[in-house]
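Architecture at a glance
What follows is each chain in one-letter form.
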Amino acid sequence: MKVLKFGGSSVADPENINRIKGIVSEYDDKIIVVVSAFGGITDALLHAGNLASTKNEDYKTILKKIEDRHLDTVKELIPVSHQSKVLSKVKSDLNALETLLEGAFFIGEITDRLSDKIVSYGELLSSYIISEYFQNEDLDCIFKDSRELIKTQLFNGKQSVDFSTTNANCSSYFGSQNHQIIVTPGFVAMGNDGEPTTLGRGGSDYTAAIYAAAINAEILEIWTDVSGMYTANPKMVKQAKAIAHISYEEAMELSHFGAKVLYPPTIQPVLAKGISIVIKNTFSPNEAGTLITKSQNDRGKTVRGISHIGNIALLSLEGPGMVGIPGISKRFFEVLSQANISVVLITQASSEHSICVGLSIDDIEKAIAVVNENFAYEIERGKINKVKPEDKLAIVALVGDNMKSHQGLSGKMFSTLGKNNVNIRVIAQGASERNISCVIDEKDVKKALNALHEEFFEENIKQLNLFVMGVGNVGSKFLNQIKQQKKYLKENLKLNIRVIGISNSRNMHFNEKGIDLKIWEDLLTRGEKANKEKFLQYVNELNLRNSVFVDNTASEEVASTYKHYLGNSISVVTCNKIACSSQFENYADLKSLAREYNAPFLFETNVGAGLPIMDTLKHLIASGDKILKIQAVLSGSLNFVFNNFNDSTTFHDVVKQAQEEGYTEPDPKIDLSGIDVMRKILILARESGHLLEIDDITNTSFLPDESLETKNNEDFFASLKKYESDFQKLYSAAAAKESKLKYVAQFENGEASVGLQQIPKGHDFYNLEGSDNIVLFYTERYPNQPMIIKGAGAGADVTASGIFADIIRIGNF
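Fair warning: this is a prediction, and the values are worked out from it, not measured in the lab.

Here the focus is the overall build of the protein chain. Scanning the protein chain for helices and strands turns up 29 helices and 31 strands. Its C-alpha atoms give the protein chain a radius of gyration of 36 Å, clearly above 28 Å, the size a compact globule of 813 residues would have. Here the C-alpha coordinates of the protein chain stretch approximately 115 × 75 × 55 Å along the principal axes. A total of 813 residues make up the protein chain; the buried ones form 53% of that total. In the protein chain, once contacts between residues fewer than 6 apart in sequence are set aside, the share between residues at least 24 apart is 72%. When the accessible surface of the protein chain is summed, it comes to about 35900 Å², and 46% of that surface belongs to carbon and sulfur atoms. Within the protein chain, one finds 86 positive and 102 negative side-chain charges whose respective centroids are separated by 2 Å.

And the structure:
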């Protein structure tokens, strides 16, 4: 014989009840079907009782809704020709319920006994209606009131199951019953005084477990609205998977820490008998669900699930008078116990200076009052401090039978949380090592669960969540590259890259599940008005794991926000050179924040677009080499200009072409004035370990003062036309010496300079073509023949690829 229990969601409406009819009709052997009240009815009954006890006539409105729901269900499920008997019984029960509520209203209070009677009608009505429906559908079914089988007795002020009498009743009745399906109400029982009682929280599961244990059932099936117990809450972790097989102990740990499928005390009867439990989904009955057995899981897995409890507060008893004093802990827990306060988590410092407990937020005010009252003597004498709460917290727990034999799990757990800026307030681990728990801020729960799930369950696929500011030339190319490479990255590099937010100067758009990069332009056009402060606010509010802010702008305002991202453990990737070439103090502060909050700050594209210049320099320094001199052509735009400028072209036309082809900044004066190159050599000098400011760099400009002083692009290009003869003289002077014009940056002996130079034949810079960049690193290991890095140093595509490379570096951290 098997026992099947169907929860409130499974019997929420006629459509769902029809589903369970289809499920039970598939069984050939004898089954006991335990049902809960229709979804939401138990809460409605409790609410109606509370309203009635306060003389609030609104209870009648709730009662009317309860009545309508049950009568409508009967009318929809049962043919008209057979409704009379069922409707009569249901109305009779509803009349009795109304009388009980009227009683509460007239006396102005509600006792535990009266509340039990009122709330029991949820299961009594649902089970009777379902049994009648099954019979009318030609199933071999009978109804049995659980109050006639499950007996309770008063123990320590609470009703507890009298298992001796109950087991005898169940064995006798079920053993002699010939019907194939026996439908019973969950939750309800009968006291030894003949008064109806209930089995408390999880009572329908408890009913099913009592029956299963009493008859030594083959299996207990719990049918609910999810396909078993999951590796994490699927509502918070989209990648969560159903666990095929776990042990009783693992199931109880997960259930205690927030997995709502089971309530741990309810499975005690079957646990004692070694009866297996399976969690099944009423809405996907063909899915395997989760099998819970006495034996440990046999696949050698360590962490089996991640769970959490919200609405937690911490209460700490501490003070100098606690050290070495026996009995303090005993008194503390006795005080809480006597106040009927359940302790969820306990930690104690080895110095015995403090004891910290985790409590439900609902109990915290009562706990503060009783603890301060009972320790008033010690508090008054300064031996113990008054207790103060810390609230808005949650407990996150890793669970698994095999964790105790596996090293490094705690370190892995806390490292993962730390990388994502999840602050751990308290840590607790039981002696069985089946559970590692920590207390964190409630706002970080979703991020913590997803980060831990990714670390322990997702086959090393790491998800990066990008927030992209700037979607012009470089930004649009970058988004397109992500779209093209998404599948490759997931399959080959185990990286799942999602773009969550995008913004240009006009609009911004967010989607927590990831923006569809096929239609991002349309989505952005319809997005809300752009606001840098709001963009940052949204990123922080979403609080996603592995978040990366990507700056594709040349904006000083955007660069000034990096510290806020890094300070929240949000990585920053940027092609914007302003931050790293700003005052050294700001540059150093950003690097420090990146280290402190374990948030990578990468800016490879600040120098040389997609060329690995910064990466190479970092490796040289890290390996112990020392930079002696740097010589470089660092402006792809200037190299393009001087490679294409000659006596048959005009300087104006070549610069215009460079701008149109995307080699220059939107304001080409930034490139031609040397400011851009100054920033680049400054960043290289700083990354080499030197304290240098932009004003320390000598800039020998080739532009006339009038060009440098222009306020807009129109005036700038007009000035280039005006001084064309000066530019031709520069070209002629170099050509006369069989040299080429190159804009060169140099750093040596702590000094940096930039300027236009005539490069003779044979020099490493002479044959530099197009928009290519070249960097020569002279070091202690390369003193005579420098390390050379050469290649395309400008253009939206290569810059975007450099940003992409930095994103991948973060994914591999």
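That shown, we press on.
Here the focus is the nonpolar core. F549, F651 and I681 are the most contacted members of the largest nonpolar core, which totals 74 residues. In terms of residue count, helix α25 (residues 675-687) provides more of this core than any other element does, 7 residues in total. The residues contacting I681, other than those within four sequence positions of it, are I630, L634, I697, A745, Q746, F747, A752 and V754. By size, the runner-up hydrophobic cluster in this structure holds 52 residues, among which are V24, I31, I66 and L100.

Let us now look at the environment of G289. In this fold, G289 is placed in the loop between β11 (277-281) and β12 (290-293). You can call G289 buried: its relative accessible area is 12%. Expressed as a C-alpha distance, the spacing of G289 and V278, which sit 11 residues apart in the sequence, is 6.7 Å. When neighbours within four sequence positions are excluded, G289 is seen to be in contact with S227, G228, I243, A244 and I279.

Pairing analysis gives 3 bridges linking strand β27 (residues 698-700) to strand β29 (residues 751-759), with the strands arranged parallel. In the sheet register, T700 faces β29, and the bridge partner there is G755. With 9 bridges connecting them, strand β28 (residues 740-748) and β29 associate as antiparallel partners. When the sheet's bridge partners are listed, K742 is paired in β29 with Q757. Counting the residues in the hairpin turn of β28 and β29 gives 2 residues, including N749, whose phi is positive at 55 degrees.

With that settled, the discussion passes to the side chain of D116. Tracing the backbone through its elements, the reader meets D116 in helix α5 (residues 112-136). Buried and unpaired, D116 has no salt bridge, with R113 as the nearest side chain of opposite charge at 7.3 Å.

To continue, consider α25. End to end, α25 covers 18 Å across 13 residues, agreeing with the expected 18 Å (1.5 Å per residue, within 8%). For α25, the tally of buried residues reaches 11 of 13 residues, placing the bulk of the element in the interior. For α25, the full list of buried residues reads D676, V677, M678, K680, I681, L682, I683, L684, A685, R686 and E687. Just past α25, the residue G689 takes up positive phi, approximately 105 degrees.

This part is about unusual backbone geometry. Although it is not a glycine, K55 sits at a positive phi angle of roughly 60 degrees. Positioned with a positive phi, N598 is a non-glycine residue whose angle comes to about 55 degrees. Residue N598 is classed as partly exposed on the basis of its relative accessible area of 41%.

In spatial order, the strands read β14-β15-β13-β16-β18-β17; together these 6 strands make up an open sheet with antiparallel pairing. Pairing within the sheet leaves two strands with one partner each, and these edge strands are β14 (343-348) and β17 (424-429). Averaged over neighbouring strand pairs, the angle between their axes works out to 30 degrees when direction is ignored. Relative to strand β18 (residues 435-441), β17 is paired through 5 bridges, and the arrangement is antiparallel. Opposite I424, over in β18, you have I440 as the bridge partner. Sitting on the sheet, helix α11 (residues 364-374) touches β13 (305-318), β15 (354-360) and β16 (389-399), and the angle it makes with β13 is about 25 degrees. Of the strands in this sheet, β13, β16 and β18 are in contact with helix α14 (residues 445-457), which crosses β13 at around 125 degrees.

Moving on to the sheet that holds strand β7 (residues 188-191). Within a sheet, each strand pairs with its neighbour through backbone hydrogen bonds, oriented either parallel or antiparallel. Ordered in space as β5-β4-β7-β8, the 4 strands form an open sheet in which the pairing is mixed. Each end of this open sheet is capped by a strand with a single partner; those strands are β5 (158-161) and β8 (196-198). Strand-to-strand twist across the sheet, computed as the mean angle between neighbouring axes with direction ignored, equals 50 degrees. As paired strands, β7 and β8 are joined by 3 bridges and run antiparallel to one another. Looking at β8, one finds that M190 is bridged to P196.

Definitions and limits used
- Residue indices follow the written sequence of each chain, beginning from 1 at its first position.
- Per-residue local features of the predicted model are confined to residues with pLDDT of at least 70, and side-chain atom pairs are confined, for both listing and counting, to 80 or more; whole-chain, interface and lining totals are unaffected and use all residues.
- Hydrogens are left out, water is left out, and the side-chain values use all remaining heavy atoms of the structure.
- Numbered from the N terminus, helices here are DSSP runs of H or I no shorter than four residues, and strands are runs of E no shorter than two.
- The quantity called the radius of gyration is restricted to C-alpha atoms. Its globule counterpart is 2.2 Å times the number of residues to the power 0.38.
- Type-normalised accessible area, obtained with a 1.4 Å probe on protein chains alone, sets the label of each residue: buried when under 20%, exposed when over 50%, and partly exposed for intermediate values.
- Any pair of residues with heavy atoms lying within 4.5 Å of one another is described as a contacting pair.
- We get accessible surface area from the Shrake-Rupley algorithm with a probe of 1.4 Å; when it comes to residues, only the shown protein chains can shield them.
- In this count, Lys and Arg are taken as positive residues and Asp and Glu as negative ones, while His and the chain termini are left out.
- Note that the charge is assigned to NZ on lysines, CZ on arginines, CG on aspartates and CD on glutamates.
- What makes a nonpolar core is a set of buried Ala, Val, Leu, Ile, Met, Phe, Trp, Tyr and Cys residues whose side-chain atoms join them at distances within 4.5 Å.
- One requirement defines pairing of two strands: DSSP has to find at least two bridges between them.
- One side-chain nitrogen of Lys or Arg within 4 Å of one carboxyl oxygen of Asp or Glu is enough to make a salt bridge.
- In this analysis, the expected span of each helix is defined as 1.5 Å times one less than the number of residues it contains.
- Lines fitted to C-alpha atoms define the axes here, with helix axes fitted over just the stretch in contact, and angles between the N-to-C directions of these axes take values from 0 to 180 degrees.

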